[in-house]
Amino acid sequence: MAATAGAGLIAGAARAAPDPHPQAGRTLTRIAFGSCAKSDKPQPIWDAVLATRPDLFIFLGDNVYLDTRDPAVMRRKYAELAAQPGFQRLKASVPILAIWDDHDYGENDAGVDYPMKEESRRLFLDFFGEPADSPRRSRDGIYTAHVFGPPGRRVQVILPDLRWNRTPLVPLELGGQDYDAWIEKRAEAGEPTPGPYARNPEAMATQLGETQWRWLEEQLSVPADLRLFGSSLQVVADFPGWEGWINFAHDHQRLIAAIRERGADRLICLSGDTHYAEISRLDVNTPYPLWDITSSGLTEVWPVLPPNARRVGEAYRDQNFGLLTVGWDAARPTVLAEIRDVAGAVRLEQAIRLDDLVARGA
């Protein structure tokens, strides 16, 4: 039976070719990432991003704030981002990958029912220069995956779409209290202030949809020396109460199971959305410690800090971006994950050895 399972993984890897990318041969050593940038605000943080000389920048969602069903407003918001001097310099010198979250999908916390998603997709993919024949234009969502670099230094970047097929959210039960009044009381008492959503335990509740799930499970079989799972929402955070993988219990467990069953070693999660930065770690019922590096926002800052039992150290609540530096030449290659502020100063950091991200007993 072991031989049969192994053959299945090999066949899965053969089917799951990465999407083509013109920079596929590029070795990635410095990977910058971030989320949550309002196009009508100054964006001085791009100077600090560019000073790190990244080989790639990953937008993790809320890259603009459309919040509309009017295509003319959508186009104006993208034009505002295109006119930002720092973004212009980034685009001219650094390859960019992008996935969306709710605000650049179209509306706050929007999911499967958002009626303008085809128009949003077209404008998003046009703006980020996706080819006319890109599979992202015809899938049930804009999810994508790419592999960069030669064997021994292959970096796989997986970007799932958590909007196109996402089923409705479940409101937090507050015993009839108004949410704003409830969190105000908690804040006054110095207590953590979770968001308005509860976990959805239904097996059919999903963020991805079954077609995307099959695609993702095959992508996790693709050979790679480092995998970056670029999620627009936090993957590991225990209970933010806002949107996150933990609110979809079946999806959360299925992701961990897929990582284990597909032998997807050396995977690190990158996430956005929160308007604060933090580093989270999950090592219970996982094949190896699962790290989530959250960077948010490029312009946005959240006034309160939600609870998170998986948080490592402190959170950073000001404008920020993330940076991964891969020590490929070391005897034991290590990824240094950093959160940096608008001036480029390191505010949070975590060294992660790649050989610690291998299934226990493998």
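Residues numbered from 1 in each chain as written. Predicted model: local features only at pLDDT ≥ 70, side-chain atom pairs only at ≥ 80, totals over all residues. Heavy atoms only, no water.

A. Expanded view of unusual backbone geometry. Backbone torsion omega between Ser-296 and Gly-297 reads -5°, so that peptide bond is classified as cis. Topologically, Gly-297 is positioned in the loop between strand E11 (290–294) and strand E12 (320–326). With a phi close to 55°, Asp-62 is a non-glycine residue in the positive phi region. Relative to the helices and strands, Asp-62 resides in the loop between strand E2 (56–59) and helix H3 (71–82). Of note in this structure, Asp-67 is not a glycine but carries a positive phi near 50°. Turning to its location among the elements, Asp-67 is positioned in the loop between E2 and H3. Judged by relative accessible area, which is 40%, Asp-67 ranks as partly exposed. (Helix = DSSP H or I, 4+ residues; strand = E, 2+ residues; numbered from the N terminus. Buried < 20%, exposed > 50% of the residue type's maximum accessible area, 1.4 Å probe, protein only.)

B. Main features of the sheet that holds E2. In space, the 6 strands of this open sheet follow the order E3-E2-E1-E12-E13-E14, with mixed pairing throughout. Only two strands of the sheet have a single neighbouring strand rather than two, namely strand E3 (96–98) and strand E14 (346–353). Between one strand and the next, the sheet's axes are offset by a mean angle of 20°, whatever the strand orientation. The pairing of strand E1 (residues 30–34) with E12 spans 4 bridges and is antiparallel. Paired with Ala-32 across the two strands is Leu-323, which belongs to E12. (Pairing = 2+ DSSP bridges. Axes fitted to C-alpha atoms, helices over the stretch in contact; angles between N-to-C directions.)

C. Inspection of the pairing of E14 at higher detail. As paired strands, strand E13 (residues 334–341) and E14 are joined by 7 bridges and run antiparallel to one another. Within E14, the residue paired with Val-335 across the bridge is Ile-352. The turn joining E13 and E14, which pair antiparallel and follow one another in sequence, is formed by 4 residues; a positive phi near 95° is taken by Gly-344.

D. Broad picture of the pattern of salt bridges. In this structure the tally under the stated criterion is 25 salt bridges. Across the pair Asp-19 and Arg-139 runs a salt bridge, and its minimum N-O distance is 2.9 Å. Residue Asp-19 is found in the loop between helix H1 (2–15) and E1, and its partner Arg-139 is found in the loop between helix H6 (117–127) and strand E4 (144–148); the two are separated by 120 residues along the sequence. Grouping residues by exposure puts Asp-19 and Arg-139 together as buried. (Salt bridge = Lys/Arg side-chain N within 4 Å of Asp/Glu carboxyl O.)

E. Region of interest: the packing of helix H8 (residues 210–219) against helix H9 (residues 249–261). As a packed pair, H8 and H9 sit with axes 10 Å apart at the nearest point and diverge in direction by 25°. Here H9 runs roughly parallel to H8, going by the angle between their axes. When the axes of H8 and H9 are compared, the crossing they make is right-handed. Within the contact between the two elements, H8 uses Glu-210, Trp-213, Leu-216 and Glu-217 and H9 uses Asp-251, Arg-254, Leu-255 and Ala-258. Of the residues that constitute the contact of H8 with H9, the class distribution is 4 nonpolar, no polar and 4 charged. (Parallel < 35°, antiparallel > 145°, perpendicular 65-115°, else oblique. Left-handed = near helix turned anticlockwise from the far one by under 90°. Contact = heavy atoms within 4.5 Å. Nonpolar A, V, L, I, M, F, W, Y, C, P; charged D, E, K, R; others polar.)

F. The arrangement of the packing of aromatic side chains in detail. Scanning the entire structure with this criterion turns up 20 aromatic pairs. Here Phe-57 and Phe-59 contribute two aromatic rings whose centre-to-centre distance is 5.0 Å and whose plane-to-plane angle is 75°, an arrangement assigned as edge-to-face. Feature note: the residues Trp-46, Phe-57, Phe-59, Tyr-78, Phe-87, Trp-100, Tyr-105, Tyr-114, Phe-124, Phe-127, Phe-128 and Trp-164 constitute an aromatic cluster, connected by ring pairs. In this structure, Lys-38 is placed above the aromatic ring of Tyr-65, and the distance from its NZ or CZ to the ring centre is 5.2 Å. Here the guanidinium or amino end of Lys-91 rests over the ring plane of Phe-127, the centre of that ring lying 5.7 Å away. (Phe/Tyr/Trp six-rings, centres within 6.5 Å; stacked < 30°, edge-to-face > 60°. Lys NZ or Arg CZ within 6 Å of the ring centre and 35° of its normal.)

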